[in-house]
Every structure is written in C-alpha cells, then in structure tokens.
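Residue-level structure breakdown
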Amino acid sequence: MNLLSHSDSAEDSAEDSAEDSAEDSAEDSAEDSAEDSAEDSAEDSAEDSAEDSAEDSAEDSAEDSAEDSAEDSAEDSAEDSAEDSAEDSAEDSAEDSAEDSAEDSAEDSAEDSAEDSAEDSAEDSAEDSAEDSAEDSAEDSAEDSAEDSAEDSAEDSAEDSAEDSAEDSAEDSAEDSAEDSAEDSAEDSAEDSAEDSAEDSAEDSAEELFIRSSVTEDKMKRSACGVLAALLFIIIKEVHSQGIIPKQATYAVVAPTKIRPNQKLTVAATVMKLDKSDSFTVRAVVRYLVSEKLSEEICSAEYAFSRPGTHNLILETPALMRAGNYTIRVSGFGDTSLQGLIFVNETKLEFDSKQISMFIQTNKPYYNQRQTVLMRLIPLYPNSMPVTTTMDVYIKDNNGITVRQWYSLHTNAGGVVTLNFPLNSNFLAYGKWSINVNCLGHTYSKTFMVYEFSAIDMYLNCCTVSATVDMYLNCCTVSAAVDKYINCCTASAAVDKYINVGTVSAAVDKYINFAAVDKYINVGTVSAAVDKYINFGTVSAAVDKYIKVEYFEHRAIVAFNTEELQAYVGGGDNGLIGKQLKATAWVQDWYFNTTASGYASTLVYSEQIQLSFLGGKVWSFKPNIPFKIYIAAQRLDKSAVDPYIEDRDIEISVTTTDTGTGENTVTELVPIPKDTSVIEYWLHPTDQTKQFVVRAAVPGELATEKVLVATKYWSPANQYLHISTNTARPAVDNYIIFALQANVFVDIVYYYIVATGNIVASDSIQMYSRSKLFSVAVSRDMAPSATIVAFFVSPAGQVSADSLQFHVDHTKLHQMKAKFNRGKNFNYDTIEITAWADPLSYVAFSALEYQMYHLGIRNGLTWDQFSGLYIFTDANVSSVYTTCNMTKGEYPCMDGQSCYNYQQVCNMATTCTRDHRDEMGCHRNESENAILYEIGGWERTKHIGAFYRDGAFMWTDQFTKPDGRIDIKIKPPAFDASWVMSGFSLSRENGLAILPGLHLMNSGRPMYINVAGAKAVRLGEILSLRVTVFNYWTEELDVLLTIKGSKDYQFVEVSGDVDNPVDGEQHVMVPVYRNSVRQIYVPIQPSRTGAIAIPIRAMSFIAGHSVTHKITVGHNAIADRNITNYQVDLRVANSKVLPDLWLPVEEFPEVFEQRHVHYVPGSPRSYVSVIGDIIGISFFPSTNFNLQTGNVIAQPSGCGAEALFNVGVNVNTLGMLRSLGSFENEKVTKVTESINVALQEMFAYLNNEGSFKEFDWSSRGSTWDAFQPTTISLLMQFFFAFRVSATALRVMTFGIKARDLRNYFQMPREPMNRTANWLLTNQDNMGRFTENDVVHNRRFESHLELTSNNGTAVQANIALTALCLIALAQASTATSLSNAVIEGIQLSTNYLDSNYQDITDPFEMAITSYALFVSGTSREKYNALNKLDAMKRTVKDMTYWSTEEVPAIVQSSYQDRVLRLQPKSTGATTAYTVSSTSYALLAYMSATQSLNERTVLDRMQRFLQEQHMWVGGFSSSQDTLVALQALTELADRDQSRASYEMTFTFKSDQDPNWVKTVHLNKDNWFDLQRFETPSHWGSIQAVAKGHGLALVQMETIQNFDSAHQIAPPPIPNIFDLGNFNLNIKTRGFNHSWIDYKICPRWNGESDTSGMAVLEVNLPAGYLPSVWALQGYVAKMNETTSVRSTEYNANDGIVVFYFEYLNKSQVNCVKFRAYRWYPLAHVADLTGIKVYEYYEPGNYFSSMYEKVQFVKLTVCLVCGSYQCPYCPNYNSANLSLVTSFTFLVPLLSTLFVSRRTFY
C-alpha cells in the first residue's frame, strides 16, 4: 500500500514547481528554520490567522488564481512584515527562497524573536491578531489577491519563484495570507510573522517530500504472503500546541497503484468533515500521457458528498489500452459544479496488460523425442470465474525459435482450450521449451524440458535411506523428507535419488565412498583430508575391497558396517555425522558381458533437534498488543520430532528492552507439543517496551540456538491500531470477523479491502471503545486472497494504520469430488472415474506417476495474487526521520539512524545490527542448514525410461450431467505403476473448483502379461516371444496362456535339438506365486512374408488379459530393386498404347546344373504406380501424409540435410495439391502436422548466429549447407516455400499462397533474417561467398581460380555464390531485410556478371544463369543463358545438362516386335544431372518471353521424368528438391490442368484374366494409384485414353543371396570396405554379441569424397546401444571424419555419417550389437553399404555372412519354456545379506526385456 498525502491547495504546486521547491525546502529550510521556528513562534501568529484568514482567502483566491494570489501574498508579506528582521530574508527568499531565507530568517528569528517576540507574540498576537486577521485579512487579502495577483504576481513569480519557491508560494497561499494579516497586528509582531513565513514555507515544503518506508506487523497473524505493503509517508512536523486547536483532516482518497484494460477501477473516497460548505465533490480521472504537454483522458468518475462518509468511485477502463505512462488525478471541490478547488493530486499508475489469470497445464514437466505434449489453457478472472475469449498460442524451442503457432483459438463451452503438440522428430533442440499464450493483450508463458532419450539394455536402481546418530539405517520406512531421502523398499516411496525397479540376473560389485555436504569426497584407508580425493578401494582388515553378490534375481541388498566406516573418517561415534555417503554399484550380466552402473547417496545426520522460527526471524510489534511467535522443532531432515522421546523441552530466553529500565532477561523451559512439534509462545509488550530478543535452543546444545528480534513499531504520537481476525477459514458467502484494537480513543476507523489490486469493499466503523469487533461479508471478488487496510486519524491529524491479509475459500460455492471404480470390468481393462461437480460444468483430469510426484513434480494449478494502493489525504502520515537517500536505493532501519541498500536485502548478513530490518521477510534464511544436492533428483533420472511414462490415458475431459455427476471410462496401461490424479472443474455460475486431496490409483491388475519380441524377422527364422506373467493377487495363481492357431505362423515344439513347427492352438499352464513375476518364452515360426499379428491370451480365475504382438516378415539375403519410368502425354492425342513394362526377373529361381539361384525363392514382387501431372511426388498412402527422406528417396535421417528436406518436400507438395483446389481440409491438417514436426528438427540444426549445421554434434555453420537446395537452408526453404505477404516465406519458389494456413503452420521470420545476416559474414568484397567448413556436396566445389583484389589466387566459388545469391534475392522480395543484405545481393550479382564467361561446368552455368535472373539487376543474364544453351545435351528429343552422356531408358524389341521398356540404370552423376537440368529449366522459365515453351521447356521436363530412381523421388535430397521446384513451377503454367482426365488399362501377358483399370480426374489427380502385378516375370501391357499428362512407374524387387548378383556401381571400386567380413566377429558360444569393425575408403578420382554414409544391417533380434554409438562418435570425431550416427529400429540398420572419406586416412568405426531377443535359425546373410549422400550413384554394396547363426536352435538361445537348462526354466535362490546395518538395495532393470542368453 502506498500513501500519498497532500494539503488543501495542492493543485498549483503539483503543476508548477513541486520538484524545485520540495528539494530546496527539504534540504535547507526543513532542517534549519523548521527546528528553530517550531520551538519559538510557529504556533503564535500563523495558527490563528491561518485558521480564519486561510479559509476565506483561499476560497476567493483559489477561484480566480491560486497561483497569483499565493505569489502576491508572498510578495506582500515579504515587503510589509519583514522591516526589521526580514531585510535580508525577503531579498534572499525572493531569489533563493529555500536556501537564504532558511538561514537568514533562522538566525534573526533565533536571536530576536526567541528573546523579544516569544512572550509578546504569545500574548499580543494570539489576542490581537486573531481579531484583526478575522476582520482585516478577509477584506484586505481578498482585494490584494484579486488585484495584485493578476498584474504583479505573474512577473514576480516568474523571476522569484519559478526556480526555487514556486511550490512554497503555491502551497502556502492560504497560510501566507496570514502573513498579510500580520501586518495589521503590530510592529513587534513583524519579526514573528517573517519567522512564521519561513517556518511555514519549510514546513509545507517538507510536507511534499515523499519517503517510502515499510511497516511490518505481527506476521503470524498474517498469511505467508501477508506482509504489509509499502507505504509512502510524508514527513510532517507535529504541532505541539499549547491550547491551540490543531487542524483536522478532512478527506482521504484511496486508489489502486495499477491499471489494467477492461477493468472497473475502484477509487474509495472518504470525507471526514465538511467545512463551511454543504457539499464536497471528489473527482477521479485517469489520463494517458501522450507527451509532456499532451494527455488523453481515459476514464473518469465523480461523487458529491452532502455529509461525511465513504463512497466508491467506479472508473471503467477501455478494453484496448496501449502500454505507456498513465496517471490518476484526484481533486476535491467545494460544490457540485466543480468550482472552489479544495485539493488536487496526480500520481503515476503502473500499467499492467494482464487482465486475467492464465493457467497453462501440461501433462508432465519433461519429455523426450517421439512423445506428445498435452496442454490445457485455462483463462480465469481474478475471482476464478471462467473467461470466454480467444487467444494465440505459440511454442518456442530451446533456441527461442517459434516452431508451432495457433491463432484465434476460442475457449470451448467449458472455458478451456485443449491442444497437443507432438515431438516426433528424430532430432530436437533439446533443453528448455516454452508455451506462450497471447490473450487480451498479455503474454503468459510456461516452460517444459525436452531431453534426448534412447532405451538402454539395462539400468540400475541403487537406493539408500538416511542414517541416524547410532547408525541405524531403516530399510522399510519412508523418510519424512521426501525431497532428500529415499525409501529402498517400495517403488512408490522413491524420491530424489530413485531409479526405476525391474528384473535382472547379474553379479554385483560394490564399493562405498563418502562426501561432505558441499564437496564430494571419496574416503579411503589413508587419512582423509576433507578436500582431498582418497580411494576407498584398497584392501584392509576391517573392510573388504569389494562386497560381491555372486548371483541375484530382481534385487540384492548389500550392507556396510558403519562402525568400520567410522574408522576411516575418524571423529569417534560422531565421525560420520554431516558426511554424505555415496554408494556406487556395478551390475554385470556375465551371460552377456554387459555392465550397468548406478549410485545412491545419503546424508548421515544425528538425532539432534533443529529449531526454526516460523514466519521469519525479524518482527515488529505494537505496544500493549500481545503477539504470538512460533518455534518449530524438527530433525535435520525436516521431519517432526519423535513424539515418544522423553526429553522434549526447549529453552527459551526472552530479553526485553524497556525505556528507562533497560534490559531484562527471562529464561524458561517449554515442552514441545507431541502433536505438532510447533511451540506457540506469547510476548506481551507494554508502553515502554522497545525490543524483544528471543533465543531458543535445546538445553545444553548452544549450536542449536536460533534468535528472533522484534522491534517496536514507530509512531510519532505513540498511537497504534491493530487489526486481527479469529475466522480460521473465511469462505465466500460467509462472514469474516475482524477485531480492531487501538491504544487511544478514536471516533471512527476507516477500512478498505483490496483483492487482485483493486478495492472491493470500503466502509467506516464507529468506535465506542478502544476495541471493536465487526464483520464483513466475504464475496467471490475477494478470492483467493485479500488484504484489509484499516486506519484512523487522530484529532491532531495523525494517521495510524494496520493491514491484514487473509485467504478466502471459494470452493464452498463449487466443490468437486472424484473416486475410482474398478468393479465395472472384471478383467480390469478399464477404470471408471466418477466425478461430482456443479451441473453441466466442465471437468478435466490428468495423471502423474507417483515416482515423479514424490520428486516434487506437479501438474496442477496455482494462484496469482496482486496488491498495491495509493492514498491521498490531508492527514499527517509520518515515518521516523531519516537521512537515508532513497533515490540511491538506501532504506532506513527501524531506528531511522542506520541505512541499508537494496543489495543488502536478504543477503544473510545483518546490516541493521540492532533490529535486523534488512533481513525481514527473508524466508530462505530459515533453511540455512538445508541439505542441497548438486543435481536434482528428477534431473538424475532423465535417462530412465520409466520416468517418461505418460499419463495421457487419464488426460480426459467431459461435461457433467444435469445431476452434477459424470462417469468416465479410461484404459490404463497394463504395467504396474501408481498414479496421482489431479482434476478441476469449471462452472459458468460458480467458477473454478480444484479436486482436493491426494487421489492415488494403481494401474496394475491382479494378473496381467507383457509380451515382447522382435518386430522384424525373416522367413525361416524362429522368434521367441517373451511372455512375462505378473501376479499381484494375494494368492498363487495358475495362469493359462493360449496361443491362437493361424495359417500365418506355427508354434514350435522342442524335442532335444530338433525344432518342430506345429499347427493349431497351443496352451501353456504357468504357476505364479503371489506378488511375483514369471517369464516364459514362446517360439513362433512365421509361414509367410508381410505383416502378421500373433495374439496371446492369459486366463486365471481372478482376471484375464490379452496382448497382440505384431511383426513384419521379410525375405533372407539382400533386396535388389529396379524402377522403370514412362511419361504418358495425351495433350494432343486422346489415346496411346504404352510400351510394355518389362519385369526383369527370371520365371524360375533355379539355375540349371548350378547350386546358386537367380533369386531367393518367393522374394520377387513388382508394383505399378500411376500419378497425374509432371511432378511425380505426392502424399502416397504409405507416407501417411508425411513425406520424408526415408519414404521418398530411401535415405537415412541423421543429418541436417534430411531435416531441411522434410520441410521443403512437404511444403512444396502441399502447395502443389492445393493449387488445383482439390485437397480436403482433413488432409491439410495431417500434412501441416507433419510440417510442424519437421520444423522442430530443422530448427534444431540452427546455430545462434544464424548458420545451419550438418550434424547435431557440431556448432560450425556451413555456408552451402545453410543455403544449398539439397538441404534447403533456412532461407532457401522459406523463400521457395511461400509467397505470403505476412510471412513472405517460400520453399524453392514453389509459389503456394498459404495465408489461410497460418492456423495450421507458419514459419517465423526471425531465423530467416538471422540466417541472411550470417550469410553476409562469409561474403568478401568481391561479392564471392566462401565456405568455412568442409564442402559436403562436391558439385559446389570451385572449378575456377581467380585473382583477388590483393593479387592472390583464390577459388572462384561460382556455384556457392550463385546459390547464396538466389536465397538472398528471394528473401528480399519476401520480407524486409537489412540494407547490408541488399548491398550483398548487388555485389554478388556483379561478381557473377563478371565471371560467368569462364565457367566450364554445366552445373555452375545452370545455377549461375538462374541466379542472375532471380537477382533482377543482372546485365548479363541473357548472355549467360545463351552460354548455358550452348552446353546442353540431347537424347531422343530430350534436353539435359551433364558432364557425361546419359542414355535414355532402353526400349528393346524381341522377335514379336513388341517394344519393352527396360529399368532405369544407375549413373555416377544422376543427382548432378538432375540438379543441373532443373536449374536450367528454372533459368529458361525465367526467360520464356522469347522462347517456345513446348519445344524447349517440354524437352527438359521429359528428361527429368525418366530420371526417377524411386517412386516419386529422384536420386538424393538435393536434386529431388530442385527438380520438385522446377517441375512445380512449370506445371503451374499449364492452364488446362483442371480439365485433365485419363484412364489406364493394364494387362499381364502371364495372366489373360487379369485386368486393372485406373481412372484419374481432378479429385484424385495427385493420389498415387499403386497395385501389385499378378506375376513377377513377363511384362505388363498398358493403354491410356483421355486428356492430360501422367507418370507411370514400375518397381521390381527381388532378393539375392550372392554378392556377385548385386548390381555393380557405375564406377567400379569407387569405395571399398576392406576385409569387412573377417572384421565382423561374434562372441559367446551362442553368438550373443557381434563386434563390428568396418573401415570404408574412397577410391575416386578426387582426393576426398563428399559426405559419405555407411549403412550396416543387423541380424534379426540384435540391437546396438544408441548411447554407446553416440559416445563412440563423440570420442572419434577429433581423429576421424565420422560425425554422426543413428539406429533405424524399423529396418535394423546402424548408420554412420562421414564428413568425407579419402584415400590415405582409414576411417574405421567400431561398435557392438547384442542379441536383444532370442531368435533361432537366424539368416546368415546381412547387407552392408557405403555411398555418397549427395550422389548415391557412387556406392559399394555387399553382404556379410555368418553361417553359425543358421545353426542356432531354439534351446541354444533359450527361446522356449521347454528348454530345461535355461534360466527361465527354473529359478535361482536369492541370497540376501541381512546382518549389517547400512543397506544398499540394488534393483537391476531392463528397459524392454531381460536378456537370458549364455
């Protein structure tokens, strides 16, 4: 609360010279003149004349010119009454009113007036002047004021008071008129009057000095946030009258300090008395300051008082308000016509755009890739009522880039907006992300964390519990400090150090070490200096080097004897106290030779009791008002003291400091309450009490002492007011009772209730005694908390105030309840939530796993609170006098003599040594002994999969029925876990209700199963499904497993070493003990290829559960594929017979009289695809409206090029489809979701300076990678994607206008500008762009050398410069860029104009020609195009650009003379040729004004149609995107596309009955029509009819089991892999792991290759460790060119990315794969391939053979419950160590499944 006080005629001083006069008067006159005058004659003459003459003169003069009258009065008074004593003072006061007048007048007054005039003044002036002034002053002063002020005072005021005393004159006009009247009093009174003039000027000026001070009252009677708001006090001199009646306060106006849009701003006005007027009008105005001299009125209100009282003025602010300077002006007038100004004051308001509270709820606080963020946006009014509004929502990644936006989202019927945001990218900007909501002009934010996570084979839960002084470690009870300690026995009790529970069979090695709280130390056998690292692992007689558990299942407990541990630390029995113990465990699976590690730490503490003062250690009190302090007794872990211990007394010593008697100390023993461990202690101050110092300690333990200091609240007149309440829980629609206590008799106490920064109630209380009880009705507007401010004004005009904050329970109006019901489904497949709330209200639920809840993580709702007031009054609001300079950030201590600055607040050092004022309210000081870990608990668990479990199954919302009840069915996850449910309800009538209490739900069932196994296998392999049966019933269960029979697979019976597949349904009875787990393996052999579902059902008498495991079955060996492309053009003719599509597969696999076969039997398959138009790419059914490198060009996804490709291809294709207007909104939604996901990954590769990186490990930006068409850097993608005026982003000039799609997705401008500016840093003064990293795409290597400006030879970098020029030029037309970018565009244009003549490379010429046309300012663009035309090549009336001849697709004829199309052959420069031809096509389209499109452009596009290497895609990401841009732009020129319609009829020469008809029209023009042929050999015949263009493709796939059958690369041996087959080795007698060492090498003509990719297929059932792969790459990237890695789980491929491969350096990679799932008879042939990423035609492909895999039977891999010697056939005994006292439980868990191999 801020208090602003003002005297009656404040208008002039506020408008003229408040600053000048206040400073001068405050510094000089306030100190010198005020002190002397106060002692001599301040009360003599001025008071009488002021009381009579002031009112009369003020009314007359204020009506005309308060300024002039005041100045004239001051001038007359100075001339007339200062004859003797004011000769100097009058002159000085005119020039320097504050400095000289204060000094001269003070001296004269002190010498003359003190001796001579004191008695005369007191007797004469009091009698004579009162009468004279009453008669004369009223007449004389009014005339003088009216006449002189208009003529004289303006000039005098400008000369004398403009700088120094304008405020003095203005403020004292009423009182200076008393000085005029003093002229008639007497000559001997002149000195007194002059002295009074100086005194009044100083006193009134000091009255304007605003000094902030904090007033703190009894905190324990306040809420935790109930600290009295800051008050603005006015230093005012108290009148020590001797029989003189002091001036009484007349008004008080209270206004909020903040202003918000669309607010009903309440100003509470109180009139205490009416002086000589029948009315008192108060007017409040809010103004917006446009400039210093110009303002706009925003809102206003006024009220006319006819009698004293309180009234609320309501000012309604507009809904739209701009940020800026706002003021509130409050004025009072003597009548209703706003005449007769009584007071005025204006002060600044703080503008806050926040109109409502916005709760942003997410389903959990941290995520990993492939998860979905669920969010609810809940707007509420301050009184918790729902808001119907719209909002914009955008999500920013860790780099601050907006990756998703929603516009104008409207709240649903319940008042909530629900959204989801998938994180489905392969790579993200890991770190802190934010959800930002812009609603009603204010932005609200909430952050969440995104972590990278990959499953690991095994993780370890190592947990401990806290230790007491006697070293007793309890293993079975939950520690009370949930944020510090861990229970080791139950998963649900895990807290800070918890790592998830599971099963494993392993041996364990253990050691333990110690750490100080703030420093981690290993303590060893040698002497342990605390800051030294000492190894604990040496052998000693007391403690073994290791504690080993040779074998255990699920869990082991390891114990350490604390007595032996103490010997290493020293210090006797207390040696371990205060030490942090860290236990580290390694669990080794010796079957598989893998090790997992984990650690847990705990703090050893004693039984010593720790004390703390609740509510802080610095208090204030008021005399004669008792107050209560609270002392909490707790253990060091913050838990309550054991109620059963006998010695529970606390020694409390209270030192009381009284005025006069000094200090007095009383000590007593107080018992600790058994129920709360909180001591309540009363203190009783008297009138003489100045300070309490309370010391609390455990008897005899000085170290436990805590000190509280309470200091007397300062009041100048020793008048105090205290407000309190005994209403424990104020509730809406009830009453709250307040108690007022004053130490003096007062008539009226005024109060205001403030909530959310506004006044919600105000009134006055008539006091008939010093105490009073009164009640106030609690309204919803007071929720969730409010503050009552009460004050009274003494007869002397002194204000005494107090405040109290109280919380309001508004849930009574709207209560919510919920419960779980599991009885509706006896199989426990579903759980019913039954909720009760207001009828037809909106209820919503969410769930959080109990482990996370125990770590302190919450996803519930919180409340916002506001406060702050201004008070305008003419009463005296005083604070202790101080010399602290608040403008410099200094604040006074409670004594007013000492100061502290803002940097010393809450710094845990006492600057105010006596009262500790600088540490008041610093709650963190109460926990100085708290235990702080270096890493947060949940932060340590981010690598554990269980902590990413999603509670999305309970993220649901519904509306209650008319009876207020709703039943919601949810399907919980099958695994056993405890969940904490939270919920809320929104009612239109009664607002928000939050589900109270802790609602726990266990998702586990009495019995359920988990099925795990390989997802992809090959025909002939036997996979074993691991079936884990969980029994959480109270008794042993016999569970019947049923494997349903099917023609798709067979069950395998094991008979010795023979595996016999059998048909039919199979049953297995599995006995499971209570509260235990049983695992069995079920062997299955697929009978066909394709997708297969294997259902497994478990039944018991208590429950049943079914799980379906889905697998994909493929063929053995290496797949080889061919593609045939043919464009059908019916724009002239209306029908055409296509050449036969030849299937390049033999009819039979066998080769006569040879062992090898043509192909793996059954593997050949062929498909025909048809798509309209010339582009060839669309959202194929298999892509699920998400085009990626994997499904378009079959390239991996672990580099920046892939991320940028995904955005470009989806944006371009979406624009192409929408250009015909035939793309449904449902499909648009799916596509834009894919684009938003791709944007996440794209921006993850963006560096802060604007460059893009190719690999996620690198921060180095690549110039060509930032702007090459392949990776489509930020600029290229954006500018070629969109032509939208708002965002102006295009992806390779695809030209889609997507303004209407901004609610689906939108690309931000900020990264685009950042990238453009960064690009210029790589441009030299010639205009040439240079690469600052390795060139990953060899076609951007420079083919020319030039002489630079300084005479040195440099690479020309023509292609790179042209590419950057295209990007920048496109950007300049799409959005506003800096002038430097525009200049850079022209500089590069001039550079290319000057050097294109020397170009010899077709690609450089093509991209340069296009760049010159795009720049728009080139002088040589047509000459460059002519040079490009001279470089073209032709084949079969098709035009292309390349460095070598490219043959057309062969059309061969046989004896029957039928033309048959052969498959497209792979070329070493296919990607290069497609890129060159596409850029040439773009250049020609830019200059078609003089060219025939049909004859020139058509030849190019027909050539491109033949170059498809994939269905839709070309060769690589770069050439595909450039061709997509060119073909799309060309297709958009065709005005007849909307009328195209074609029909295709396909027949097979091997099956005369087979006919397939495909019809294309506007509705499915871009929908891929794909079907499988009836035979894998022969040919397909086709006839086309209609009008239009279409692309027909045939894809043939067959598997080869011999390396020599694989198609050789165009350039033989361009890569080699060394002797890779020998370097791939298996280990273990059942080959459970494979060690890979592969060394690819480049053998091409150039020294190095471009970016290279190594793909290694893994045998089925084997998996690598992703963390190990990433760690290996991070280790090797300094010594090799390997830069990134990924594992494609769907295809079972490990991928390594190399920046380059060369001839000399051997870049080997090493990694290990483990058998994750048991498979028998594993295929012996597995593929391996290395190729150039941007020119995939340069490759080497082969296979490695491991015959031993085929020989593995089911029992050799322990793949069946029928195998008697496998671990899952029988169980091992668990040996537990129980004789020790320090226990370290270990739980070893597999993320997916337990490996059980030998």
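Residues numbered from 1 in each chain as written. Predicted model: local features only at pLDDT ≥ 70, side-chain atom pairs only at ≥ 80, totals over all residues. Heavy atoms only, no water.

Sheet architecture is open: 3 strands sit in the order β26-β28-β31, paired in antiparallel fashion. With partners counted over all chains shown, the strands left at the sheet margins are β26 (610-614) and β31 (678-683), one partner each. Across the sheet, the axes of successive neighbouring strands diverge by a mean angle of 30°, strand direction being ignored. Of the pairings in the sheet, the one linking strand β28 (residues 627-634) to β31 comprises 6 bridges and is antiparallel in character. Directly across from F627, in β31, lies its bridge partner L683. (Pairing = 2+ DSSP bridges. Helix = DSSP H or I, 4+ residues; strand = E, 2+ residues; numbered from the N terminus. Axes fitted to C-alpha atoms, helices over the stretch in contact; angles between N-to-C directions.)

What follows is about the packing of helix α23 (residues 1470-1485) against helix α25 (residues 1517-1532). Running from N to C, α23 and α25 point in directions that differ by 30°, and their axes come no closer than 8 Å. It follows that α23 is roughly parallel to α25 by the angle criterion. For α23 against α25, the interelement crossing comes out left-handed. In contact with A1471, V1474, S1475, S1478, Y1479, L1481, L1482 and M1485 of α23, α25 contributes Q1518, D1519, V1522, A1523, Q1525, A1526, L1527, E1529 and L1530. A per-class count over the contact of α23 with α25 returns 11 nonpolar, 4 polar and 2 charged. (Parallel < 35°, antiparallel > 145°, perpendicular 65-115°, else oblique. Left-handed = near helix turned anticlockwise from the far one by under 90°. Contact = heavy atoms within 4.5 Å. Nonpolar A, V, L, I, M, F, W, Y, C, P; charged D, E, K, R; others polar.)

Right, let's talk about the packing of helix α14 (residues 1200-1218) against helix α15 (residues 1225-1244) for a bit. When two helices pack together, their arrangement is given by the angle between the helix axes and by the axis-to-axis distance. Relative to each other, α14 and α15 sit at 155°, their axes nearing to 8 Å. When the axes of α14 and α15 are compared, the pair comes out roughly antiparallel. Viewed along their axes, α14 and α15 form a crossing whose handedness is left-handed. Across from E1202, A1203, L1204, N1206, V1207, N1210, V1211, L1214 and R1218 in α14, the residues of α15 making contact are V1228, V1231, T1232, S1234, I1235, A1238, L1239, E1241 and M1242. Here the contact of α14 with α15 is composed, by residue class, of 11 nonpolar, 4 polar and 3 charged.

One pass over the structure, following the stated rule, counts 47 aromatic pairs. On the numbers, 5.0 Å between centres and 80° between planes, the contact of F953 with W979 is edge-to-face. Of this pair, F953 sits in the loop between α12 (937-940) and β47 (956-959) while W979 sits in strand β49 (residues 978-987); the two residues are 26 residues apart in sequence, bridging distant segments of the chain. Comparing F953 with W979 shows no difference in burial state: the two are buried. Considering the side-chain rings of Y1440 and F1503, the 4.5 Å spacing of their centres and the 10° angle between planes classify their relative orientation as stacked. (Phe/Tyr/Trp six-rings, centres within 6.5 Å; stacked < 30°, edge-to-face > 60°. Buried < 20%, exposed > 50% of the residue type's maximum accessible area, 1.4 Å probe, protein only.)

This model, assessed by the stated rule, comprises 5 disulfides. One disulfide bridge connects C1639 with C1708, the sulfur atoms lying 1.9 Å from each other. Of note, the bridge from C1639 to C1708 carries an S-S torsion of about 105° and is right-handed in sense. Within this pair, whereas C1639 is found in the loop between β79 (1633-1638) and β80 (1641-1642), its partner C1708 is found in the loop between β84 (1693-1698) and β85 (1709-1715), the two being separated by 69 residues in sequence. Here C1758 connects covalently by a disulfide to C1766, the sulfurs 2.2 Å from one another. One disulfide, between C1758 and C1766, carries an S-S torsion of -90° and so falls in the left-handed class. Neither residue differs from the other here; C1758 and C1766 are each classed as buried. (Disulfide = S-S within 2.5 Å.)

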